[in-house]
Amino acid sequence: MKKKQKLVLKRKIDQVVEKCPGLSRETAEEYLKSTQNDVQQAIAKFGGHETDEVESQILTPKTDVTNVPSVNGEPAAPKAPSEPTIAKPAVPEPAAPEPVAPEPTAPEPVALELAPEPTALELAPQPDAEPVDESPKLSPLNFEQYHSLPRLPPPDKPLAPGLHNIDGSLVEGIIGAIQNGYSATDLRDLLSYFKKRDANILKESLNAEVRGFPAIFFIVETKDADLVRCWVKYGGDPNATHGPRRFPLLAFAILRGVDSRPRATRTIETLLRLGASPHVIPEMYYDPFDRDLRGSWVADEESYVIADDTQPWCTLEIRRHLVTALSLTQRYRLWQASRLNRVSGREQTLVIRKDAEEILGLHQTIIGQAMAAYSLRKSFFIHLAMPSRKPLVLLFAGPKGHGKSELANRLGYLLSSELANVDCADFKYEDELFGPKPPQQGYDLGSSLNNFLARNTGRRSIVFMDEFEKFDDTIRNALLIPFDQGEYADRRNTQKVDCSKTIWILATNKFDSIIHDICKGRGEIPSNPNLGPEDLTLRRQLCHRLLKECMTTFGAPLACRITEIIPFLPFNREEQALLADRCIMEMEAKIADPVVKATNPDEDKLVGNVHLQMTDNAAVCAHIADNYYVPELGARSISRGVDATITNPLVNWYLEDGDDFTEDQAHVQFRVGVNKSNEVLVWPVSRALDSTVLLDLS
């Protein structure tokens, strides 16, 4: 039996067992086989068997010929019972003469008319038959209402602290302002003010209904991840639902994102890392995540094997839309969130008290690198729980293009902390990095890093030093005091700067060969957001070996001041494909913007108003990964592959098709898919390609 058929049968057995308490899985499978795998008939069959057994034990017929009243001296004919009744204990009554009843005559047998035997064709499964979609207890789901939520007018007066009370009218005013361009920064300032006044009332207001929808639905409709992040941070519920069918916010974000894949993906990632449950979406749509759903068996055979009582929103119409809407990266984020281990209560309390709650979603901001995210999060937890004057000093060790700078940037974003980037190759002397000391010329100007540290004294901040191995011993020695004591002297005025809360990240690819050699013995690292025993063993081996190399390369004094060594591993094939999808989405966002013909030709943006339609998302990305990924270059090699296979052919089509560039030019749509030879094709939707070349791209 094929894998998909086994899975379908397993889900049907689960449904029958769930509806029939006490029924074994083996018997449920027999019932399904005898009913041609019809779940409802199997359940009904169990009900019939159960009823027969129960009736034989506790039910008695209602007819009693020994106490039938007479009519004209003759006993009346007994009446057939309308339904069985439960036998009651006999109650003694005064004795009375009993009429003698004649022997009841046996009823004449009634001939049964048997239905004809079903033919083989009737017994065969009917793949084209559509399943029953709606529960009879609920009204049909009106999907059209989610296409565009009601438009609200902007508020009559400015949304400024002190001018409004926390109530429903305030939330309506905020939504009206957001629909008319209100920014996430303005929203954060406003909600911060109201949270200080009364956090509980603010939370209640943010979760109120507006024009029949939970308020947060209007925020998600914008596809602005920063607005969503702000709304949830101040009390909005990422697991909100709408209507009697409990239509989930996460499904709304997915289905509304078809026309803007990059922005929708970021919104979905934000909801998931802020607590939205991935389990509201049927698991079959994202496990496994690295397959295309369009035209697959998920779209037909399995799409209706869902318990309607637990997901009544997921009607047949919605399931078909999910197949079209879910992209490779979105499926990955759902799969990842469904498998992440839950944090402990103490960890949760710790990050809330230290205003670092969003660090819990660190894994869901990057692709792969589960070991690096795990190590960083654990080190940060320990540093928060056991604060000291010594700052957190982390060594990011791994090949180029494997997420070191991205993880640092994501950390800064989640902590809302300012980040300074230092390219170590640009500095040869200490004075260039920190600025000259008094009374040298220019000491009063300081330097970029000096002024950053002074500006963030006593506050959490991040310094990311890329290619740290390029620093010489003089510069590395100058870092020993800040790394050890959490103090630094401002070069402009010699005042003491508190950098005990600064997170120092030293990135290097000096030890790439060591990481590659150790990982080769392990084989390809699977895409698992949690570390198993083998992963933890590998982590210990890497850290032990890398610490020895740090001693040799950077010297013992600096190596001993490193809090944690965090290894970055080569991407596996699934992660390579996800990197390709991310590069494609970045390109999508760029070409979707309007055309700009500037006064200065150097400021022109001539490729615009272009929309991309991916027909075989997973297959396209897998092709790019297989043909372009280079372990030594990582994401950079994938980016080159996207340019070669999609961007360049698309721009070539675009340039050949138009007469001129205009800022109001019509929108054009391009389609990307894979043909029978597993080659990536790009073409305008307005043009048809030879059907023999394509693999079901319509």
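These numbers were taken from a predicted model, which means no experiment stands behind them.

Cut-offs applied
- Residues numbered from 1 in each chain as written.
- Predicted model: local features only at pLDDT ≥ 70, side-chain atom pairs only at ≥ 80, totals over all residues.
- Heavy atoms only, no water.
- Axes fitted to C-alpha atoms, helices over the stretch in contact; angles between N-to-C directions.
- Helix = DSSP H or I, 4+ residues; strand = E, 2+ residues; numbered from the N terminus.
- Parallel < 35°, antiparallel > 145°, perpendicular 65-115°, else oblique.
- Left-handed = near helix turned anticlockwise from the far one by under 90°.
- Contact = heavy atoms within 4.5 Å.
- Nonpolar A, V, L, I, M, F, W, Y, C, P; charged D, E, K, R; others polar.
- Pairing = 2+ DSSP bridges.
- Buried < 20%, exposed > 50% of the residue type's maximum accessible area, 1.4 Å probe, protein only.
- Arc of directions from axis to C-beta.
- Polar contact = N/O pair within 3.5 Å; in protein donor to acceptor, adjacent residues only side chain to side chain.
- Phe/Tyr/Trp six-rings, centres within 6.5 Å; stacked < 30°, edge-to-face > 60°.

Attention now moves to the packing of helix α25 (residues 617-628) against helix α26 (residues 635-657). As a packed pair, α25 and α26 sit with axes 9 Å apart at the nearest point and diverge in direction by 120°. With respect to α26, the axis of α25 lies oblique. By crossing handedness, the relation of α25 to α26 is classed as right-handed. Between α25 and α26, the contacting residues are Val620, Ile624, Ala625 and Tyr628 on the first element and Ser637, Ile638, Arg640, Gly641, Val642, Ala644, Thr645 and Ile646 on the second. Classifying every residue of the contact of α25 with α26 by side-chain character gives eight nonpolar, three polar and one charged.

So, about the sheet that holds strand β17 (residues 668-674). An order of β16-β17-β18 is seen for the three strands of this open sheet, with the pairing classed as mixed. Each end of this open sheet is capped by a strand with a single partner; those strands are β16 (610-614) and β18 (680-684). The mean angle between the axes of side-by-side strands here comes to 25°, regardless of whether they run parallel or antiparallel. Contacting β16, β17 and β18, α25 runs over the sheet at an angle of about 70° to β17.

Glancing now at the environment of Asp664. Within the fold, Asp664 resides in the loop between α26 and β17. You can call Asp664 exposed: its relative accessible area is 68%. When the C-alpha atoms of Asp664 and Pro594 are compared, they prove to be 7.9 Å apart, with 70 residues separating the residues in sequence.

What follows concerns the pairing of β17. Along a regular strand, successive side chains alternate from one face of the sheet to the other. Among the seven residues of β17, five are classified as buried, and the element is accordingly described as predominantly covered. A loop of five residues connects β17 with β18, the two strands running antiparallel in sequence, and Asn678 in this loop sits at a positive phi of about 60°.

Within helix α7 (residues 199-206), burial applies to Leu202, Ser205 and Leu206. In an axial view of α7, the angular spread of the buried residues amounts to 95°, which keeps them on one side of the axis. Counted as exposed and oriented over 90 degrees from the buried face of α7: Asn200 and Glu204. N-cap assignment for α7: the residue whose side-chain oxygen lies 3.2 Å from the backbone N of Asn200 is Asp198.

Below, the discussion takes up the sheet that holds strand β11 (residues 461-466). One open sheet holds the five strands; their spatial order is β10-β11-β14-β9-β15, and the pairing between them is parallel. In this open sheet, the two edge strands, each paired with only one partner strand, are β10 (419-423) and β15 (564-567). Pairs of neighbouring strands in the sheet enclose a mean axial angle of 20°, with direction left out of account. With five bridges connecting them, β11 and strand β14 (residues 502-508) associate as parallel partners. Residue pairing in the sheet places Val463 in a bridge with Trp504 of β14.

Turning next to the environment of Arg410. With respect to the helices, strands and loops of the structure, Arg410 is situated in helix α16 (residues 404-415). It is 9.4 Å that separates the C-alpha atoms of Arg410 and Ile359, two residues lying 51 residues apart in sequence. Ignoring anything within four residues of it in the chain, the contact list for Arg410 reads Thr365 and Ile366.

Per the stated rule, a full pass over the model turns up 17 aromatic pairs. Between Phe217 and Phe252, the aromatic rings sit 5.0 Å apart at their centres with planes inclined by 40°, giving tilted as the arrangement. Here the residue Phe217 occupies a position in helix α8 (residues 215-221), and Phe252 occupies one in helix α10 (residues 249-255), the gap between them amounting to 35 residues. Cluster of aromatic residues (ring-pair linked, three or more members): Tyr146, Phe213, Phe217, Phe218, Phe247, Phe252 and Trp313.

Functional significance is not addressed by these values, which are geometric in nature.
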